[in-house]
Amino acid sequence: MVTKEQIARINELARKKKTSGLTQAETEEQKKLRNAYVAAFKSNLKAQLDNIELVDRKPESEYTEAEKKHVANLSQKLKEEYQDKEKSVTEAGNPRKPTGEAGKEMIHRMNESHFDLTGWALSFMHFHEDDHILDIGCGGGSALKRMAEQIKTGHLTGVDYSPVSVKASKELNKTAVETEKMDIIEASVSDLPFEDQVFNKIITVESYYFWPNLEEDMKEVFRVLKPGGQFMLVAEIYQHDGLNARALENIKKYELRNLDIAEFEALFIESGFKETAIHLKDGEDWICVEGIK
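This is a predicted model, so every value here is computed, not measured.

J.: Could you give an account of the overall build of the chain, with specific residues and numbers?
T.: Looking only at helices and strands, the chain has eleven helices and seven strands in total. Of the contacts formed within the chain by residues at least 6 apart in sequence, a portion of 67% connects residues at least 24 apart. Per element, the accessible surface of the chain, about 17,600 Å² overall, is 51% carbon and sulfur.

What follows is the structure, encoded as structure tokens:
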């Protein structure tokens, strides 16, 4: 929320910029105030849209074919405009390693866009109050926050090699970090800073695409997992016939690793997991590969 005093200050700085110009400090202040105002505006608009209920008392059968076509065209246009905006933010933010202001915005959007995927995957994780959980490539920290609700006496750890992601994740999980229920560390999957057999549950959501050396990195995951522990690799897409053009474009553009089911099974077996299960979501390209050590 932006206060009346902040709005007045924004206007004051705008007037001064036109007349006598701003100092460096005032320029930075103006930028921060404007960013806060835009963020508040977006949040307020989203809240209003979420509470809108569209009611159409006209039966679909009464619409002409021209009206139906017009509505379909408008819907497609809005969808394409939204996708183009998402695409520009993703390109500027660098999904391989989020950086800068665009990276922060991208992480925030990923928390929202991956919400359903993450919830679906977490339904396969059998939580206990004393679990010690590791989230590799924790991004904006949304998965950590959701898992923390299931943990009473255990502990959660998040790692990400992007400083921007680590900061965003800490901000989202501020209370859990301050009470030492959770640690969030800047580190790479290729060199996890933990002793052997520390965690009884490990998850990674939408990150394996970019792991530097998948086979060796999987050995690191296996090393820090306790015997009998559960590891879940979650991805929004996997290689199979029927991937849409947008997915194929993103795979090529961002150089995403994209395994098929047989390759996932072989990877988990070669990494040492004694049990492997593949979970797929009807109507989606989602995959959750579950391994038991």
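Now that the structure has been shown, the text picks up again.
J.: How would you explain the confidence of the model for the chain if you had to name every residue and give the values?
T.: On average, residues of the chain carry a pLDDT of 85, and 79% of them reach 70 or more. Note on residues 85-93: pLDDT is under 50 here. Beyond four places in sequence and across chains, it has 20 contacts.

J.: So what's going on with the nonpolar core? Which residues, and what values?
T.: Ranked by internal contacts, the top residues of the largest apolar core, which has 36 residues, are Leu-134, Ile-136, Ile-202, Tyr-208, Trp-211 and Phe-231. Secondary structure elements with two or more residues in this core: strand E1 (132-136), strand E4 (199-205), helix H9 (214-224), strand E5 (225-235), helix H10 (245-253), helix H11 (261-271) and strand E7 (287-292). Examining the composition of this core, we find that five residues originate from one element, H9, more than from any other. Beyond its immediate stretch of four places on either side in the chain, Ile-202 contacts Met-125, Leu-134, Ile-136, Val-221, Val-224, Leu-225, Gln-230, Phe-231 and Met-232. Counting 23 residues, the second largest nonpolar core, distinct from the first, contains Leu-117, Trp-120, Phe-124 and Met-182.

J.: Quick rundown of the packing of H9 against H11? Include the residues and the values.
T.: A pair of packed helices can be characterised by two numbers: the angle between their axes and the separation between those axes. Contact geometry of H9 with H11 gives a least axis separation of 9 Å together with a crossing angle of 55 degrees. Of the possible angle classes, the one that applies to H9 and H11 is oblique. When you trace H9 past H11, the crossing you get is right-handed. Here Leu-214, Glu-215, Met-218 and Phe-222 of H9 lie close against H11, whose contacting residues are Leu-267, Phe-268 and Ser-271. When the residues that make up the contact of H9 with H11 are grouped by side-chain class, the tally is five nonpolar, one polar and one charged.

J.: Lay out the environment of Gly-139 with the relevant residues and their values.
T.: With respect to the helices, strands and loops of the structure, Gly-139 is situated in the loop between E1 and helix H6 (142-148). In sequence terms Gly-139 and Ser-169 are 30 residues apart; their C-alpha atoms lie 6.5 Å from each other. Those residues within four positions of Gly-139 in sequence are excluded, and the remaining contacts are Ile-107, Asp-160, Ser-165 and Ser-169.

J.: Any details on helix H5 (residues 115-122)? Residues and values, ideally.
T.: Taken together, the buried positions of H5 are Leu-117, Thr-118, Trp-120, Ala-121 and Leu-122. Against H6, E4, E5, strand E6 (275-280) and E7 lie the buried residues of H5.

J.: Requested: an account of the packing of aromatic side chains, with residues and values cited.
T.: Working definition: an aromatic ring pair is given by the centre-to-centre distance plus the angle between the planes. Applying the stated criterion across every chain yields a total of ten aromatic pairs. Counting every residue linked through ring pairs, the aromatic cluster contains Tyr-208, Tyr-209, Phe-210 and Phe-264. The residue whose ring lies beneath Arg-146 is Phe-115, and the NZ or CZ to ring-centre distance is 3.7 Å. Across from the ring centre of Phe-222, 4.4 Å away, lies the NZ or CZ of Lys-293, which sits over that ring.

J.: Explain the sheet that holds E5 to me, using residue names and the numbers behind them.
T.: With respect to topology, seven strands assemble into an open sheet ordered E3-E2-E1-E4-E5-E7-E6, the strand pairing being mixed. Lying at the two open borders of the sheet, with one neighbouring strand each, are strand E3 (182-186) and E6. Strand after strand, the sheet turns through a mean of 15 degrees between neighbouring axes, direction not considered. Pairing analysis gives three bridges linking E1 to E4, with the strands arranged parallel.

Definitions and cut-offs
Residues numbered from 1 in each chain as written. Predicted model: local features only at pLDDT ≥ 70, side-chain atom pairs only at ≥ 80, totals over all residues. Heavy atoms only, no water. Helix = DSSP H or I, 4+ residues; strand = E, 2+ residues; numbered from the N terminus. Contact = heavy atoms within 4.5 Å. Areas by Shrake-Rupley, 256 points an atom, 1.4 Å probe, with all protein chains shown as cover. pLDDT = per-residue confidence, 0-100. Core = buried A, V, L, I, M, F, W, Y, C linked by side-chain atoms within 4.5 Å. Buried < 20%, exposed > 50% of the residue type's maximum accessible area, 1.4 Å probe, protein only. Axes fitted to C-alpha atoms, helices over the stretch in contact; angles between N-to-C directions. Parallel < 35°, antiparallel > 145°, perpendicular 65-115°, else oblique. Left-handed = near helix turned anticlockwise from the far one by under 90°. Nonpolar A, V, L, I, M, F, W, Y, C, P; charged D, E, K, R; others polar. Phe/Tyr/Trp six-rings, centres within 6.5 Å; stacked < 30°, edge-to-face > 60°. Lys NZ or Arg CZ within 6 Å of the ring centre and 35° of its normal. Pairing = 2+ DSSP bridges.

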